[in-house]
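Report on the structure
What follows is the residue order along each chain.
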Amino acid sequence: MKTTKMLLAMLVALTFANLSMAEGKIAVFNLQEAILNTEKAQAAIKKMQEDADFAATLAKAEALVAEIQKLAKNANEKGMTWSEEQRASEAKKIEFKQADLKLANQKLQQEQKLLVDKLLRQFAQNAQQAAQDVIKSGGYGLVLSKTQGVTLYADTAFDITPKVTDKINKMK
């Protein structure tokens, strides 16, 4: 038992000694965020949002939300006076509206996902090069991903994502 504690203490001491001798600073980075915050990506996102089909689907979803809320409010206020048939009919209306809303939301999410995937593919090489440039010029010895659950907490001072975004914006 005493030997195990001594070995553990030596292991911890060696680990901290190695960490203190490591060169560079520590940073966190989010590749997707860096790409999606670029000027070109923001312009593409804005263009998608202004697209007639996307805008119409979004308006339809918003209208459905309002209709569902109105039907629910009406049911809460007057439902006690309704017959069993009327309650069932109103519940069915709400269910149909909710199904339509779910479909509209799925369509919007699919369009957004397709655009995000396209942008990530389009800028991946530039983003990786920009990240390497920022890491090298900043003297970072350890860069952790913000997206893969590796980093529990990191102060924004450690986040190099905005620097990488700026670097990508300056690339052609």
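Every value quoted in this text rests on a predicted model; they were computed, and no experiment measured them.

**Quick word on the environment of Thr 151**
- Counting through the fold element by element, Thr 151 comes out in the loop between strand S2 (140-145) and helix H6 (161-170).
- Separated by 122 residues in the primary sequence, Thr 151 and Phe 29 have C-alpha atoms spaced 9.9 Å apart.

**Here's the deal with the packing of aromatic side chains**
- Using the criterion set out here, one finds zero aromatic pairs in the structure.
- Residue placement shows Lys 25 over the ring face of Tyr 140; its charged tip is 4.9 Å from the ring centre.

**Examining the pattern of salt bridges**
- Applying the stated criterion across every chain, the model contains eight salt bridges.
- The salt bridge involving Glu 77 is made with Lys 73; its shortest N-O contact spans 4.0 Å. Within this pair, Glu 77 and its partner Lys 73 are both found in helix H4 (residues 52-78), separated by four residues, close to a single helical turn. Note on accessibility: Glu 77 and Lys 73 belong to one class, exposed.
- Salt bridges sharing partners connect three or more residues here, namely Glu 33, Lys 146 and Asp 159.

**Notes on the packing of H4 against helix H5 (residues 84-138)**
- Their axes nearest at 9 Å, the elements H4 and H5 cross at an angle of 155 degrees. By the criterion of interaxial angle, the relationship of H4 to H5 is roughly antiparallel. Crossing of H4 against H5: the hand is left-handed.

**Looking at the confidence of the model for the protein**
- On average, residues of the protein carry a pLDDT of 86, and 83% of them reach 70 or more.
- Low pLDDT, under 50, characterises residues 1-22; the predicted model gives this stretch zero contacts beyond four residues in sequence or across chains.

**Focus on the nonpolar core**
- One finds Phe 29, Leu 119, Tyr 140, Ile 160, Val 164 and Ile 168 to be the most contacted residues of the largest nonpolar core, which totals 28 residues.
- Among the elements of the structure, strand S1 (25-29), helix H2 (31-36), helix H3 (39-50), H4, H5 and H6 are those that each provide at least two residues to this core.
- By residue number, the principal contributor to this core is H5, which donates twelve residues.

Basis of the calculations
Residues numbered from 1 in each chain as written. Predicted model: local features only at pLDDT ≥ 70, side-chain atom pairs only at ≥ 80, totals over all residues. Heavy atoms only, no water. Helix = DSSP H or I, 4+ residues; strand = E, 2+ residues; numbered from the N terminus. Phe/Tyr/Trp six-rings, centres within 6.5 Å; stacked < 30°, edge-to-face > 60°. Lys NZ or Arg CZ within 6 Å of the ring centre and 35° of its normal. Salt bridge = Lys/Arg side-chain N within 4 Å of Asp/Glu carboxyl O. Buried < 20%, exposed > 50% of the residue type's maximum accessible area, 1.4 Å probe, protein only. Axes fitted to C-alpha atoms, helices over the stretch in contact; angles between N-to-C directions. Parallel < 35°, antiparallel > 145°, perpendicular 65-115°, else oblique. Left-handed = near helix turned anticlockwise from the far one by under 90°. pLDDT = per-residue confidence, 0-100. Contact = heavy atoms within 4.5 Å. Core = buried A, V, L, I, M, F, W, Y, C linked by side-chain atoms within 4.5 Å.

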